[in-house]
Amino acid sequence: MADIFSPVTLGALRLANRVVMAPMTRDRAGSQDEPTDLMVEYYRQRADAGLIVTEGTQPSPAGKGYWRTPGIHSDAQIEGWRRVADAVHGEGGSIVVQLMHVGRASVRANKHPDADTVSASAIASRERIAGPDGQLVDPETPRALETAEMPALVEEFAQAARNARAAGIDGVELHCTSGYLPMQFLSTGSNKRTDHYGGSTANRIRFVVETVEAMAAAIGPDRVGFRIFPGNPYNDMQDDDPADTYGALIDALDPIGLAYMHLIHYPQPHLDALALLRPRWSGAIIANNNLQHESAQVLLNEGQVDAVSFGRPYISNPDLVRRFRLGAPLARQDRDTFYTGEERGYTDYPRWSPA
Ligand SMILES: Cc1cc2nc3c(=O)[nH]c(=O)nc-3n(C[C@H](O)[C@H](O)[C@H](O)COP(=O)(O)O)c2cc1C
């Protein structure tokens, strides 16, 4: 029985407790897509988590699709992440950067005018995305990646992983859900390719497997994790048989010896992802979705998962672990400042103190 406050080692990552801050896009990066002083303060405040997974971060200009998301491909961005890493380590925390390439889930006005919009196939998402002013607009139709371009694309992720380590960040997590590029390759609805990256299950998982292998070769498998949510419909995703797709994916990733799988465990009528994947995965699992202190401890008690992640509670409770320890009440989040407001709704949530 693993207590939520007990330390745990996930590959090379040493967590002081089993509470993980889930990745959350907050749209507050600087004009060069670099982490700012405000972001340094935000992550520093939340460093009591055993592990922070940062907001989705693009490995290249084409990987950006939302307003003011940070990158990890330029010197200024690496320097910004170095300051974030130093601040979190200074408080005794650990931190990995989530690598997020949105592929077709992209609005042109949110990114550099020259940046490409690419996907597995030239099929547009029918789900609208917020532009710079917060108004929802249709994403543009992507260009299908050429087979010959794939090695360079995979290398972008490997280089982003090296950049993270150069910045002193402890590791990287590949974002493979929410309808972004990796999931666009995995899913039958968005991948209609006829080369060896499309068609059969073995072909649809190839891009993710090659990318994870390249990241693992770049910085060591024990510093690499990945995030999945089988059957997630977000950003117009559709897959004929998620159990088949993700079963095959986990079988292929298991031998690499990665730090962890980060699983969004959402109850679905025909798919229990944890029951499906747990027997096929010999590594650590971080479970997410709608957890509270008590329900997270129940999951840990069942012995199925090694750590638990919290998203929204971390927005408004920078000292979440401390509050759990003290049995203190949790503050509610203000949804209006999730993606806007600079310090408001970002770094101005106080630590708990008795009235
Ligand atoms: C404001 C916001 C931004 C998010 N951004 C990301 C992201 O960049 N990458 C990601 O994998 N998930 C993202 N998520 C999903 C969360 O990581 C998490 O899975 C979700 O909030 C459910 O966990 P919770 O019930 O503890 O909040 C985001 C969620 C919120 C609320």
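Preceding this paragraph is the structure being described.
Residues numbered from 1 in each chain as written. Predicted model: local features only at pLDDT ≥ 70, side-chain atom pairs only at ≥ 80, totals over all residues. Heavy atoms only, no water.

**Structural notes on the overall build of the chain**
Per the secondary structure count, the chain includes 11 helices and 14 strands. Here the chain has a C-alpha radius of gyration of 19 Å; the compact-globule value for 355 residues is 20 Å, and the two agree. Dimensions along the principal axes, computed over C-alpha positions, put the chain at roughly 60 × 45 × 35 Å. Taking all 355 residues of the chain together, the buried fraction comes to 59%. (Helix = DSSP H or I, 4+ residues; strand = E, 2+ residues; numbered from the N terminus. Rg over C-alpha atoms; globule rule 2.2 N^0.38 Å. Buried < 20%, exposed > 50% of the residue type's maximum accessible area, 1.4 Å probe, protein only.)

**Focus on the packing of helix 3 (residues 150-166) against helix 6 (residues 206-219)**
In the contact formed by helix 3 and helix 6, the axes pass within 8 Å of each other and the chain directions differ by 35°. Remark: the crossing between helix 3 and helix 6 carries right-handed chirality. Facing Met150, Leu153, Val154, Phe157, Ala158, Ala161, Arg162 and Arg165 of helix 3, the residues of helix 6 in contact are Phe207, Glu210, Thr211, Ala214, Met215, Ala218 and Ile219. Taken together, the residues that form the contact of helix 3 with helix 6 break down as 11 nonpolar, 1 polar and 3 charged. (Axes fitted to C-alpha atoms, helices over the stretch in contact; angles between N-to-C directions. Left-handed = near helix turned anticlockwise from the far one by under 90°. Contact = heavy atoms within 4.5 Å. Nonpolar A, V, L, I, M, F, W, Y, C, P; charged D, E, K, R; others polar.)

**A look at helix 9 (residues 293-301)**
Every buried residue of helix 9 is listed here: Ala296, Gln297, Leu299 and Leu300. Relative to the axis of helix 9, the buried residues are bounded by an arc of 155° and lie together on one face. After helix 9 finishes, the residue Gly303 shows a positive phi value of roughly 75°. (Arc of directions from axis to C-beta.)

**Comments concerning the packing of helix 6 against helix 7 (residues 242-253)**
At their nearest, the axes of helix 6 and helix 7 sit 10 Å apart, and the two run at 25° to each other. One way to sum up the angle between helix 6 and helix 7 is to call them roughly parallel. For helix 6 against helix 7, the interelement crossing comes out right-handed. Every residue of helix 7 that contacts helix 6 at Val208, Val209 and Val212 is listed here: Leu249, Ala252 and Leu253. Partitioned by chemical class, the residues of the contact of helix 6 with helix 7 number 6 nonpolar, no polar and no charged. (Parallel < 35°, antiparallel > 145°, perpendicular 65-115°, else oblique.)

**Quick look at the sheet that holds strand 14 (residues 307-310)**
With parallel pairing, 8 strands are arranged side by side around a closed barrel as 3-4-5-10-11-12-13-14. Taken over all neighbouring pairs, the strand axes of this sheet differ in orientation by 25° on average, direction set aside. (Pairing = 2+ DSSP bridges.)

**Some details on the site of the ligand**
In the vicinity of the ligand lie 18 residues, with Pro23, Thr25, Asn288, Asn290 and Arg312 positioned nearest. Separating an oxygen atom of the ligand from a backbone N or O atom of Pro23 is a distance of 2.7 Å. Between Gly311 and the ligand, the recorded distance is 2.8 Å, taken from a backbone N or O atom to an oxygen atom. With the chains in place, 87% of the 610 Å² that the ligand exposes on its own is no longer accessible. Here the shell around the ligand is built from residues that sort into 8 nonpolar, 8 polar and 2 charged. (Near = heavy atom within 4 Å. Polar contact = N/O pair within 3.5 Å; in protein donor to acceptor, adjacent residues only side chain to side chain. Areas by Shrake-Rupley, 256 points an atom, 1.4 Å probe, with all protein chains shown as cover.)

**A short note on the packing of aromatic side chains**
Under the counting rule described, the total for this entry stands at 11 aromatic pairs. The interplanar angle of 85° and the centroid separation of 6.0 Å between the aromatic rings of Tyr66 and Tyr180 together place this pair among those described as edge-to-face. With Tyr66 in the loop between strand 4 (51-57) and helix 2 (75-90) and Tyr180 in the loop between strand 10 (171-175) and helix 4 (181-186), this pair connects stretches of sequence that are 114 residues apart. The exposure classification of Tyr66 matches that of Tyr180, with both residues buried. Judged by centre distance (6.1 Å) and plane angle (70°), the rings of Phe157 and Phe207 are edge-to-face. (Phe/Tyr/Trp six-rings, centres within 6.5 Å; stacked < 30°, edge-to-face > 60°.)

**Section: the side chain of Thr188**
In this structure, Thr188 sits in the loop between helix 4 and helix 5 (201-204). Residues in contact with Thr188, not counting those within four places in the same chain, are Arg204, Gln238, Asp239 and Asp240.

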